[in-house]
Amino acid sequence: MHIAIIGAGVSGLLTALELIEQGCTVTIFDQQQAGHAASWAGGGILSPMYPWRYPREVNHLAQYGKCMYQEWNAKLQPETGIDFEIHETGMLIFDETDFEIGLNYKDQYQEPMQHCEYLEREALEQVNSHVSEQFQHAIYFPQLANVRNPRLLKSLITYLKQHPKVEVIENTWIEKFNFHNHHIQSIQTSNTKHYQADQFVITTGAWSNCWSEQLHLSIPVEPVQGQMLLFKTPEKWLPTMCMNKVMYLIPRLDGHVVCGSSMDHLGFDQRPSVQTQQNIYKACVEMIPELANFPIVKQWAGLRPSSPTGIPYIGQMPEIENLWANFGHYRNGLCMGPASAQLLRQLMLKQQTLVEATAYSPQRLKSNLSNVV
Ligand SMILES: Cc1cc2nc3c(=O)[nH]c(=O)nc-3n(C[C@H](O)[C@H](O)[C@H](O)COP(=O)(O)OP(=O)(O)OC[C@H]3O[C@@H](n4cnc5c(N)ncnc54)[C@H](O)[C@@H]3O)c2cc1C
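Because the structure is predicted, anything quoted here is derived from the model rather than measured. (Residues numbered from 1 in each chain as written. Predicted model: local features only at pLDDT ≥ 70, side-chain atom pairs only at ≥ 80, totals over all residues. Heavy atoms only, no water.)

Q: Hey, could you run me through the nonpolar core in this one?
A: One recurring pattern in soluble globular proteins: nonpolar side chains tend to sit buried together. Within the largest apolar cluster, 72 residues are counted, with the highest numbers of intra-cluster contacts made by Leu 17, Ile 28 and Tyr 69. Ignoring any residue separated from it by four or fewer positions in sequence, one finds Leu 17 in contact with Trp 72, Leu 76, Leu 156, Tyr 159 and Leu 160. (Core = buried A, V, L, I, M, F, W, Y, C linked by side-chain atoms within 4.5 Å. Buried < 20%, exposed > 50% of the residue type's maximum accessible area, 1.4 Å probe, protein only. Contact = heavy atoms within 4.5 Å.)

Q: What am I meant to see in the site of the ligand here?
A: In the vicinity of the ligand, 38 residues are found, and the nearest of them are Ser 11, Asp 30, Ser 39, Tyr 330 and Cys 335. Separating an oxygen atom of the ligand from a backbone N or O atom of Ile 45 is a distance of 2.9 Å. In the model, an oxygen atom of the ligand is placed 2.8 Å from a nitrogen or oxygen of the Tyr 330 main chain. The protein chains hide 99% of the 1,000 Å² of surface that the ligand would expose on its own. The set of elements that each furnish at least two residues to the shell around the ligand consists of α1 (10-21), α2 (38-41), β13 (222-232), β17 (296-306) and α10 (333-348). Split by residue class, the shell around the ligand holds 16 nonpolar, 19 polar and three charged. (Near = heavy atom within 4 Å. Polar contact = N/O pair within 3.5 Å; in protein donor to acceptor, adjacent residues only side chain to side chain. Areas by Shrake-Rupley, 256 points an atom, 1.4 Å probe, with all protein chains shown as cover. Helix = DSSP H or I, 4+ residues; strand = E, 2+ residues; numbered from the N terminus. Nonpolar A, V, L, I, M, F, W, Y, C, P; charged D, E, K, R; others polar.)

Q: Got a minute to help me understand the domain arrangement of the protein in this structure?
A: How big an interface is tends to be stated in terms of the accessible area lost upon association of its parts. In terms of domain boundaries, the protein breaks down into domain 1 (2-44 + 151-221 + 309-371) and domain 2 (91-143 + 222-306). The C-alpha-based centres of domain 1 and domain 2 are spaced at 30 Å. Contacts between the two partners involve 14 residues from domain 1, matched on the other side by 17 residues from domain 2. Both faces combined, the contact of domain 1 with domain 2 buries some 1,500 Å², and carbon together with sulfur accounts for 63% of it. The tally of links between domain 1 and domain 2 comes to three residue pairs in polar contact (both at pLDDT 80 or more). Split by residue class, the side of domain 1 that touches domain 2 holds eight nonpolar, five polar and one charged. (Domains from an automatic or database assignment. Buried area = accessible area lost by both parts, 1.4 Å probe.)

Q: When you look at the UniProt feature "domain: FAD dependent oxidoreductase" (unreviewed entry) in the protein in this model, what are you seeing that I'm missing?
A: The positions UniProt marks with the feature "domain: FAD dependent oxidoreductase" (unreviewed entry) are residues 3-346. Helix makes up 30% of residues 3-346 and strand 28%. Its end C-alpha atoms lie 14 Å apart. (UniProt positions renumbered as here; feature names shortened; annotations may be inferred.)

Q: Teacher, can you tell me more about the sheet that holds strand β18 (residues 313-316) here?
A: Each strand in a sheet pairs with its neighbour through backbone hydrogen bonds, running either in the same direction (parallel) or in the opposite one (antiparallel). Overall, mixed pairing links the six strands, which are arranged β8-β2-β1-β12-β19-β18 in an open sheet. Two strands bound the open sheet, and with one partner strand each, they are β8 (166-169) and β18. In this sheet, neighbouring strand axes are inclined to one another by 15° on average, regardless of whether the strands run parallel or antiparallel. The pairing of strand β1 (residues 2-6) with strand β12 (residues 199-202) spans four bridges and is classified as parallel. When the sheet's bridge partners are listed, Ile 5 is paired in β12 with Val 201. (Pairing = 2+ DSSP bridges. Axes fitted to C-alpha atoms, helices over the stretch in contact; angles between N-to-C directions.)

See below:
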């Protein structure tokens, strides 16, 4: 079976990986260089932040993130030479308003990654001695990890590009589906080149709404800009991830600390703004005052593919027998990525699914297509 995948972010690349493992042939398209959109810009925390604020469907997929990435890393690293560093730092949350609910949540659901402990100042200092004195207590999630997502993408792309069953076509905007009787025959690029395949997959992240008109659907996915800044501290300097209200710090193994983030509806604008960068800086230094001693080495913004509930659309698109979706992961596409791709592969190949699939179905999207084609 030959499958065309539109969009080479984490959703598209992991979908490709799942499908080639089952013997399929895959062509992946991206309007820009593969792996340079939201999946590159994100932080790589392998759990929804404040999991109790998200539907169970989001947490169900996310709970597989860490172990599935560990397995992919072990498989891909010998081929690519790239370790994408699943860094188990744990996370401290300082926001007191969430202490009780967080501690109750872990008792209720017993998911290892969401296990948390209440820490008084002394215990808190033992876990992370750099935390500001203004925080006298915290809740601590010792098993939470982060993945170094730019390296993850590099590893996936390197592996896929050297695989005999994969073609990656970059800098190519897919504009149109050519249908006949509820069946897509080919896709068309902006310079009218046609590509045929047996099955087609949409993994176009924040751009997914662009398909609404020609599919006669209302696809409620919008770009939500998030900004980040990157400090360089000494190797292994910051021992844990930290979170207060909406801001967080993510240490990488080599001493880089990723800090974010903001949430702004600005269309497809990806320029960081001075004001937002200052807000992030202030919030991060408030948590870890010594960060002010280290240089900021990079800043950027990315576009999250927001969806109304944060539950992604995974499965067959309405009314078209050979069109599939894996988009709309909003703030959690990196942690949900491996399980989302596996679920889609299982649905496409009519295999048993790792979770009950109905809640993710794109049949939720209202369709008028049956009246039109
Ligand atoms: C600042 C920030 C922090 C984040 N932090 C985290 C986190 O800590 N943990 C977590 O789990 N998630 C996080 N996320 C969310 C996560 O990054 C996204 O949910 C995820 O990357 C979405 O992946 P994707 O592959 O669906 O989209 P993308 O990575 O955006 O990929 C979509 C691709 O499709 C291509 N494309 C679109 N339309 C077309 C077309 N018509 N033709 C050809 N190509 C097309 C685009 O060029 C793009 O490369 C964060 C996001 C941001 C912005």
